[in-house]
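# Secondary and tertiary structure notes
Here's the letter readout for the chains.
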Amino acid sequence: MSSTTLAIEIKPVTPPDVPAIAALAREIWQATYPGIITQEQIDFMLEQRYGHERLYDDLEDADKWLDQAFVAGRRIGFAFSELYKGEFKLDKLYIHPDLQRQGVGGALIAHVAARAKKLGYPCVILAVNKRNEKAIASYRKYGFSVRETVVADIGGGFVMDDFIMEKPL
Ligand SMILES: CC(C)(COP(=O)(O)OP(=O)(O)OC[C@H]1O[C@@H](n2cnc3c(N)ncnc32)[C@H](O)[C@@H]1OP(=O)(O)O)[C@@H](O)C(=O)NCCC(=O)NCCS
């Protein structure tokens, strides 16, 4: 059951937010991915994607947008979007377990989709682990459907076993 009563504030991530975003990512990943990928892969991917230097670089990149969500002044989630091989991609979407299933993910998807539409893109794409059933259900609810399946080598001996999903705008 979703609630529509939360007051959600969406703001761009700025450099001073980087340590808090990295810590929030670790907390949410530890609540999400055990049972889907190994702890070694979780640690590897967190370092690869949320290392502070990596996040500072992302903030400098004109083809990337980092948005964060607050509820009652508490930072509870984030969505990163980017131009990827000529398409508009929702690259990361993570909501703290305390506030999942209350519409925050939907609000961030709407925010990102509005940006993609304004820039003239016909759809938003994303990659999601094939075993992440809750996220897949959420993406379906917000208009995404599976376009293809991919197994991508991400280095370190790890692979991502993903669906590529697409939401027409
Ligand atoms: C997936 C995620 C981003 C969705 O954000 P959210 O704020 O929880 O989602 P919303 O409240 O906007 O949408 C809720 C829908 O998501 C799905 N969903 C979210 N949490 C769920 C749960 N615990 N159990 C089952 N379905 C769930 C359902 O389809 C739900 O719709 P319903 O409540 O009408 O059944 C969020 O749950 C999350 O961060 N999950 C952990 C991290 C993750 O997997 N991120 C995606 C990586 S690709």
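Quick look at the structure, then. Predicted model, so just to flag it, every value in this text is computed and none were measured.

### Here we look at the sheet that holds strand β3 (residues 74-84)
- Read across the sheet, seven strands follow the order β1-β2-β3-β4-β5-β7-β6 without closing on themselves; strand pairing throughout is mixed. With one partner strand each, in any of the chains shown, β1 (8-12) and β6 (145-155) form the two edges of the open sheet. Across the sheet, the mean angle from the axis of one strand to that of its neighbour is 30°, orientation sign disregarded.
- Pairing analysis gives eight bridges linking β3 to strand β4 (residues 87-95), with the strands arranged antiparallel. Bridge pairing links Ala79 to Leu93 in β4.
- Against the sheet, helix α2 (residues 39-50) touches β3, β4, β6 and β7 (158-168), its axis set at about 60° to β7.

### Thoughts on the packing of aromatic side chains
- Scanning the model with the defined rule gives 12 aromatic pairs in all.
- An angle of 75° between the planes, with centres 5.9 Å apart, marks the rings of Trp29 and Tyr50 as edge-to-face. You can see Trp29 sitting in helix α1 (residues 18-32) and its partner Tyr50 sitting in helix α2, a full 21 residues away along the chain.
- Trp29 gets classed as buried once you look at its relative accessible area, which sits at 1%.
- By relative accessible area, Tyr50 is classed as buried at 4%.
- Connected via pairs of aromatic rings, a cluster forms that spans Trp29, Tyr33, Tyr50, Phe78, Phe80 and Tyr94.
- The ring of Phe70 carries Lys11 above its face, with NZ or CZ at 4.5 Å from the centroid.
- The aromatic ring of Tyr84 is capped on one face by Lys89, whose charged end is 4.5 Å from the ring centroid.

### Overview of the side chain of Asp162
- Relative to the helices and strands, Asp162 is located in strand β7.
- Buried and unpaired, Asp162 has no salt bridge, with Arg49 as the nearest side chain of opposite charge at 6.5 Å.
- Within the structure, the side chain of Asp162 is placed 3.4 Å from the backbone nitrogen of Asn129, a separation counted as a polar contact.

### Overview of the environment of Phe80
- Mapping Phe80 onto the fold places it in strand β3.
- Residue classification places Phe80 among the buried positions, given a relative accessible area of 3%.
- The spacing of Phe80 and Gln68 is 12 residues in sequence and 8.4 Å in space, taken between C-alpha atoms.
- Those residues in contact with Phe80 that sit more than four places away from it in its chain are Ile21, Tyr50, Leu55, Trp65, Leu66, Asp67, Lys89, Leu90, Asp91 and Lys92.

About the criteria used
- Residues numbered from 1 in each chain as written.
- Predicted model: local features only at pLDDT ≥ 70, side-chain atom pairs only at ≥ 80, totals over all residues.
- Heavy atoms only, no water.
- Pairing = 2+ DSSP bridges.
- Helix = DSSP H or I, 4+ residues; strand = E, 2+ residues; numbered from the N terminus.
- Axes fitted to C-alpha atoms, helices over the stretch in contact; angles between N-to-C directions.
- Contact = heavy atoms within 4.5 Å.
- Phe/Tyr/Trp six-rings, centres within 6.5 Å; stacked < 30°, edge-to-face > 60°.
- Buried < 20%, exposed > 50% of the residue type's maximum accessible area, 1.4 Å probe, protein only.
- Lys NZ or Arg CZ within 6 Å of the ring centre and 35° of its normal.
- Lys, Arg positive; Asp, Glu negative; His and termini not counted.
- Salt bridge = Lys/Arg side-chain N within 4 Å of Asp/Glu carboxyl O.
- Polar contact = N/O pair within 3.5 Å; in protein donor to acceptor, adjacent residues only side chain to side chain.

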